[in-house]
Amino acid sequence: MIFETVVVGPMQVNCYILAFEQDSAALIIDPGDQCRKIREVLDRHKLKPGLVINTHGHYDHIGCDDKFGVPVYIHAKDAALLKDPGLNLSSMFSLGYSVKNKIIEVKDSQKLTLNGITLKVLHTPGHTPGGISLLLEKPENKIVFTGDTLFLRGIGRSDLAGGSQEQLLGSIKEKLLNLSDDTLVYPGHGPSSTIGEERKNNPFLA
């Protein structure tokens, strides 16, 4: 499996690129900025864009959604953010970004499959109403992409529109902490961790 992390934009978003093998289609998770940097990874592995998945609808995670000419997958409760600069926060930066590509709404427990890669959608609201985490099931398991829900010894903000810390903590405990301790956590910002590390040492989860 090809798996690369590309750190993009002023908010240092982790964009993840997954593909089963070279010369195949890739899943692109949270292409928030610096399309050229993402393209360089695709070209190096001879990959073509297959689909884009947004863990949530904030601008720093969606800013390059339109650059790959493929459908954009997002939870139904965050779909409106892709079209509304006020909700996706791009208006704060005087950008007014709205996604033009086809948007496909996903739901909890849905499986997204592309050329040997399977991701299971875990609805983990709290940072936004439609925030999701993505559990890799094939070709490997014990990897989860948590967006802005769970970080290394931290959790996502809940003070933005539609956020709720109570809901966020509930999402983490119900959907993420029931994974095995050796499950690798790849967040939307910052370094990776494991579920065991966060269970033991995350001060927000005590």
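Heads up: the structure comes first, above all this text.
Residues numbered from 1 in each chain as written. Predicted model: local features only at pLDDT ≥ 70, side-chain atom pairs only at ≥ 80, totals over all residues. Heavy atoms only, no water.

Peer 1: Just checking my understanding: could you explain the environment of glycine 156 for this structure?
Peer 2: Position of glycine 156 among the secondary structure elements: in the loop between strand E12 (154-155) and helix H4 (165-176). A sequence separation of 30 residues divides glycine 156 from glycine 126, and the C-alpha atoms of the two residues are 8.0 Å apart. (Helix = DSSP H or I, 4+ residues; strand = E, 2+ residues; numbered from the N terminus.)

Peer 1: Would you mind going over the sheet that holds strand E5 (residues 72-75) with me for this structure?
Peer 2: The strands making up a sheet are joined through hydrogen bonds of the backbone, oriented either antiparallel or parallel. What the 6 strands build is an open sheet, ordered E1-E2-E3-E4-E5-E6; its pairing is mixed. Two strands in the sheet have a free side with no partner beyond their single neighbour: strand E1 (2-8) and strand E6 (103-106). Sheet twist, expressed as the average angle between the axes of neighbouring strands with direction ignored, equals 25°. Bridging between E1 and strand E2 (residues 13-19) involves 7 bridges; their strand directions are antiparallel. Within E2, the residue paired with glutamate 4 across the bridge is isoleucine 17. (Pairing = 2+ DSSP bridges. Axes fitted to C-alpha atoms, helices over the stretch in contact; angles between N-to-C directions.)

Peer 1: Where do I start with helix H1 (residues 35-44) in this structure?
Peer 2: Residues spaced three or four apart along an α-helix point in a common direction, a consequence of the helix completing one turn every 3.6 residues. When we look at burial in H1, the residues that qualify are Cys35, Ile38, Val41 and Leu42. The buried residues of H1 occupy an angular sector of 125° when projected down its axis, which confines them to one face. Counted as exposed and oriented over 90 degrees from the buried face of H1: Arg36 and Asp43. Of the surrounding elements, those touching the buried residues of H1 are E1, E2, strand E3 (25-29) and strand E4 (48-53). Looking one or two places after H1, you find lysine 46, whose phi comes out positive at around 60°. (Buried < 20%, exposed > 50% of the residue type's maximum accessible area, 1.4 Å probe, protein only. Arc of directions from axis to C-beta. Contact = heavy atoms within 4.5 Å.)

That's the geometry; what it means functionally is another story.
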